[in-house]
Protein chains: 2
Amino acid sequence: MVGPFGGVIAAKLLNAVLLHPARLGEPIAFTVNYAGPIADGEFELEAKPARTNRSTQHWVVELRQGQETAATATAVCAARRETWSALEARFPEVPPPDALPRHPTLGRAVWTERYDMRFVRGALELSSPPAPDQDSVSTLWVRDEPPRPLDFVSLVAISDSFFPRIFVRRPVWAPIGTVSYTTYFHADSAMLAAHGDAHVLATARANQFRNGYFDQAAEVWARDGTLLATSHQIVYYKE
Amino acid sequence: MVGPFGGVIAAKLLNAVLLHPARLGEPIAFTVNYAGPIADGEFELEAKPARTNRSTQHWVVELRQGQETAATATAVCAARRETWSALEARFPEVPPPDALPRHPTLGRAVWTERYDMRFVRGALELSSPPAPDQDSVSTLWVRDEPPRPLDFVSLVAISDSFFPRIFVRRPVWAPIGTVSYTTYFHADSAMLAAHGDAHVLATARANQFRNGYFDQAAEVWARDGTLLATSHQIVYYKE
């Protein structure tokens, strides 16, 4: 609420690493801290490799606008090798996306026009009376609008495309802003390319809202039950 | 496994922010990326405020040893105000710490001598035959040994004191190393001071192990059911 959709800022910062000629491997972990508002207009991105090892590479990224640092980020890239693997999280039981209506876009949040969201539960109903026993869990199918093949850049944005948990838990409008956002990528570029432009299944919940900050934990799944990413964020709220 | 206990490295990096004379507010979010091995001996820590706002402050931290960057970190500090609050995660049903035996320390991991751990479930039993249906969940009471009043520095270390999830899920020794670790602090310094040196209840699980990397999501609770911190990490494993 103090600038553009945080997911697109995260995507820009991650892309600065992905486009860097010195980059080795694919992203494993990415953290962005939103330090201040970003105005429409020019900005400068600087991605620096902090350390390059045999199979991992560590990055520090900064987004500046004018004289100010508006966001900082760190990324870890790595070359993966085939190993013993196991999935422990569970794909939610949900109807297919075609069986659900598209959620209306929100006039006050233009970025929602860039996503096709189909809620299984936990949609935004700010006009409803507050339900004191409401939880903050949302589960939905989501894809870029217009459709766009999934890649790391769109995945990091989609992982931040959830409505703020506080509005699901307590349907009253209030100023909010993510301060720190982390994504772990469980999929590689070949898996994302194979996914194409289909909807992903996304689910998010909060652990706690306390004195101005709440957290969010989220999972993003392919339709075939592949866990693509897990993400976490902590969000400022005003009242 | 490529240097000292990651929790104490995280504590050192966070403390560089906490001790900085320009620091405002208390830590809300902290991320450390372990970039390379750290040898016994001298190292240099540099904490720089990247941006200071009215109620939040963003930090970038670097740990160097010799000519190399061995770890990078970012922190967000903030002044909290009283707001509507709600706890959504659930405190696990567990026996009190006094009712459980202390877990033996591990000879090959000297840092385990610095913690009193009492497992409710998911202890380390590397001599057991692998159980294919085993999950990676651990729940335990833990406190510093010798006892030490809880503060942000000990909390960030305790949040990283879990045995690696892969050893709980698949009890076979393998080389591992955390690459990125994030903690969100839900408690302020007054709450931590009130907690004193009692055990905290800690619980952790993995979502996925895949081709060299697994994640961990964890919660740290006070005995009275206060959620003190949530943390996440992604960990390299070799085979």
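Residues numbered from 1 in each chain as written. Chains lettered and ligands numbered in written order. Predicted model: local features only at pLDDT ≥ 70, side-chain atom pairs only at ≥ 80, totals over all residues.

Broken down by element type, chain A carries four helices and 12 strands. In terms of overall size, chain A behaves like a compact globule, its C-alpha atoms giving a radius of gyration of 18 Å where 239 residues would be expected to give roughly 18 Å. Projected onto the principal axes, the alpha-carbon positions of chain A cover approximately 55 × 45 × 35 Å. Residues classed as buried in chain A amount to 48% of the 239 residues present. Partitioning the intrachain contacts of chain A with sequence separation of at least 6 by distance along the chain shows that 68% fall at a separation of at least 24. (Helix = DSSP H or I, 4+ residues; strand = E, 2+ residues; numbered from the N terminus. Rg over C-alpha atoms; globule rule 2.2 N^0.38 Å. Buried ≥ 20, exposed ≤ 12 C-beta atoms within 10 Å, placed from the backbone. Contact = placed C-beta atoms within 7 Å.)

Let's shift gears to the interface of chain B and chain A. On the side of chain A, 54 residues touch chain B, which itself brings 54 residues to the contact. Across the side of chain B that touches chain A, the residue classes break down as 19 nonpolar, 21 polar and 14 charged. Pairing geometry for strand β5 (residues 86-87) of chain A and strand β10 (residues 208-210) of chain B, over two bridges, is antiparallel. Counterpart to L87 of chain A in the pairing with β10 of chain B is Q208 of chain B. (Nonpolar A, V, L, I, M, F, W, Y, C, P; charged D, E, K, R; others polar. Pairing = 2+ DSSP bridges.)

The next thing to look at is the pairing of strand β3 (residues 56-65) of chain B. Residue and element names in this part refer to chain B. Among the 10 residues of β3, seven are classified as buried, and the element is accordingly described as predominantly covered. Pairing between strand β2 (residues 44-52) and β3: eight bridges, direction antiparallel. Paired with K48 across the two strands is V60, which belongs to β3. Linking β2 back to β3 in an antiparallel pair, the connection comprises three residues. Relative to strand β4 (residues 68-78), β3 runs antiparallel, the two sharing 10 bridges.

With that out of the way, let us pick up the relation of the copies chain B and chain A. Between chain B and chain A, which share one sequence, the superposing operator has a rotation angle of 180 degrees and an axial displacement of 0.0 Å; the RMSD is 0.0 Å. As the rotation angle and translation indicate, the two copies are arranged about a two-fold axis. With an isologous cut-off of 70% or more, the 100% of interface residues of chain B that recur at the interface of chain A puts this contact in the isologous class. (Least-squares fit on C-alpha atoms with pLDDT ≥ 70 in both.)

Bringing helix α1 (residues 6-18) of chain A into the picture now. All names here are of chain A. Taking 1.5 Å as the rise per residue, α1 with 13 residues should run 18 Å; its terminal C-alpha atoms sit 18 Å apart, in good agreement. Where burial is concerned, most of α1 is hidden: 10 out of the 13 residues are buried. Turning to α1, its buried residues number three or more, namely G6, G7, I9, A10, A11, K12, L13, L14, A16 and V17. (Expected span 1.5 Å × (residues − 1).)

Before going further, it helps to spend a moment on the environment of W59 of chain B. All names here are of chain B. Mapped onto the fold, W59 is located in strand β3. Between the alpha carbons of W59 and H199 there is a distance of 30 Å; along the sequence they are 140 residues apart. What W59 contacts, discounting residues up to four positions off in sequence, is V17, A47, K48, P49, A50, T74, A75 and C77.

Attention now moves to the environment of P4 of chain B. Residue and element names in this part refer to chain B. In this structure, P4 sits in the segment before α1 (6-18). By C-beta crowding, P4 is classed as partly exposed, having 14 other C-beta atoms within 10 Å. A sequence separation of 107 residues divides P4 from W111, and the C-alpha atoms of the two residues are 8.1 Å apart. Excluding its chain neighbours within four sequence positions, the residues that come into contact with P4 are I9 and I38.

A separate point is the pairing of strand β12 (residues 227-237) of chain B. All names here are of chain B. Along β12, 11 of the 11 residues are buried, which leaves the element largely enclosed by surrounding structure. Direction of pairing for strand β8 (residues 176-185) relative to β12: antiparallel, over a ladder of nine bridges. Counterpart to T178 in the pairing with β12 is V235. Relative to β12, strand β11 (residues 213-221) is paired through nine bridges, and the arrangement is antiparallel. In the strand pairing of β12, Y213 is matched with Y236. If you look at the hairpin formed by β11 and β12, you'll find five residues sitting between the two strands, and G225 has a positive phi there, around 90 degrees.

What follows is about the confidence of the model for chain A. As a general rule, the predicted coordinates of low-pLDDT regions are not to be interpreted in detail. Of the residues in chain A, 97% have a pLDDT of 70 or more, and the chain-wide mean is 95. Scoring of the predicted complex yields 0.97 for pTM and 0.96 for ipTM. (pLDDT = per-residue confidence, 0-100.)

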